[in-house]
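What the coordinates show
The lines below spell out each chain.
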Amino acid sequence: KAKQALQEAYETARRANLAKSDFLSRMSHDIRTPMHAVIGMTTIAENSLSDPEKLRDCLDKIRISSNHLLQLINEVLDMSKIESGKIDLTCETVSFPELLQDVMDMCRPLIAEKHQEFMISAAQVKHEKVVSDRGRLQQIFMNLLSNAIKYTPEGGTISLRIREMASVVEGRGQYEFVITDNGIGISEEFKAHIFEPFSRAEDSRISKIQGTGLGMAITDNIVRMMNGTIEVESTLGEGSQFVVSLPLDLCEEE
Ligand code: ADP
């Protein structure tokens, strides 16, 4: 019995260690690529000082790669903070109408740029205020919505639906958030890996879109920290649907 327990502990530790090595090697690769672009473009710029057109093009590319690098670094740091259990969720009063207004304000320019339609609806939400971590809730919505926008072609439709379910626990609400798009969809194969760090679907359309493959891993971690669940349903070429269910403490005041 003891030997078996030891064997299992060893296996778990070995797998965790492998995952860490894998994470590090992917991260090194993902950092090196934009860094090479920055250095390469700087050299080209230096050799093109008399050509303003070319110079501008180099600076554009340098900005894009730098932004990508910064996003990657921010997400890796956030990811490691979350994974090591070093963050505590804050407890503050969160008003859904206000939170969603902010989220919509942030999404609007992205949606307008792609001429997409955005629909938001709430059903049976009896308690608009809860006690939770506002920043982390916002991060969940933003990650899911920005993906829906990114991976849906021009003219598509994105929607966010909120529902408050009957809760069995006094003072606690059960909320369901459904984010739907009619974009490129996710293959059955990739679905199994979508929440793994650095995973991106192997698809020529995906590789053209900027991303780190960390957003879903971070979102999954936050949802789990909040004792919730996240589920994906998708059909390749038709669209995707993410369902987040969260138990949230209700605010004392109605
Ligand atoms: P990324 O930075 O690549 O967007 P994420 O972790 O947010 O990373 O998502 C991981 C991958 O999951 C994406 O690269 C994409 O392949 C797939 N994906 C996520 N959301 C969607 C969606 N709404 N529609 C289609 N594919 C998606």
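See the structure shown above.
Described below are features of the structure shown in this document. (Residues numbered from 1 in each chain as written. Predicted model: local features only at pLDDT ≥ 70, side-chain atom pairs only at ≥ 80, totals over all residues. Heavy atoms only, no water.)

Before going further, it helps to spend a moment on helix α7 (residues 215–225). Across the eleven residues of α7, nine count as buried, placing the element largely inside the fold. Those residues of α7 not exposed but buried are Gly215, Met216, Ala217, Ile218, Thr219, Asp220, Asn221, Ile222 and Val223. Immediately downstream of α7, the backbone of asparagine 227 shows phi near 65 degrees, a positive value. (Buried < 20%, exposed > 50% of the residue type's maximum accessible area, 1.4 Å probe, protein only. Helix = DSSP H or I, 4+ residues; strand = E, 2+ residues; numbered from the N terminus.)

This part covers the pairing of strand β7 (residues 239–250). Taking burial as the measure, the twelve residues of β7 include nine buried ones, the bulk of the element. Pairing of strand β3 (residues 129–132) with β7 involves two bridges; the strand directions are antiparallel. Counterpart to valine 130 in the pairing with β7 is leucine 250. Taken together, the ten bridges between strand β5 (residues 172–181) and β7 define a ladder with antiparallel strand orientation. In the sheet register, threonine 180 faces β7, and the bridge partner there is glutamine 241. The sheet contact formed by strand β6 (residues 229–235) and β7 spans seven bridges and is antiparallel. (Pairing = 2+ DSSP bridges.)

As a further point, take the site of the ligand. Around the ligand, a shell composed of 22 residues is seen, among which Asn147, Tyr151, Arg200, Thr212 and Met216 lie nearest. Between the ligand and glycine 213 there is a distance of 3.0 Å, counted from an oxygen atom to a backbone nitrogen or oxygen. At 3.2 Å, a backbone N or O of glycine 215 approaches an oxygen atom of the ligand. Protein chains shield 98% of the accessible area of the ligand, which is 530 Å² for the free molecule. Those elements giving two or more residues to the shell around the ligand turn out to be α4 (134–150), α7 and β7. Sort the elements by how many residues they give to the shell around the ligand and α4 lands first, with three residues. Its residues placed into classes, the shell around the ligand shows eleven nonpolar, eight polar and three charged. (Near = heavy atom within 4 Å. Polar contact = N/O pair within 3.5 Å; in protein donor to acceptor, adjacent residues only side chain to side chain. Areas by Shrake-Rupley, 256 points an atom, 1.4 Å probe, with all protein chains shown as cover. Nonpolar A, V, L, I, M, F, W, Y, C, P; charged D, E, K, R; others polar.)

This part takes up the nonpolar core. With 47 residues, the main nonpolar core has Ile140, Leu144, Phe177, Leu214, Phe242, Val244 and Leu246 as its most contacted residues. At eight residues, α4 tops the list of elements feeding residues into this core. With sequence-adjacent residues up to four places away left out, isoleucine 140 is seen in contact with Thr219, Ile222, Val223, Met226, Val244 and Leu246. Counting residues in each nonpolar core, the second largest holds five residues, with Val38, Met41, Cys58 and Ile62 among its members. (Core = buried A, V, L, I, M, F, W, Y, C linked by side-chain atoms within 4.5 Å. Contact = heavy atoms within 4.5 Å.)

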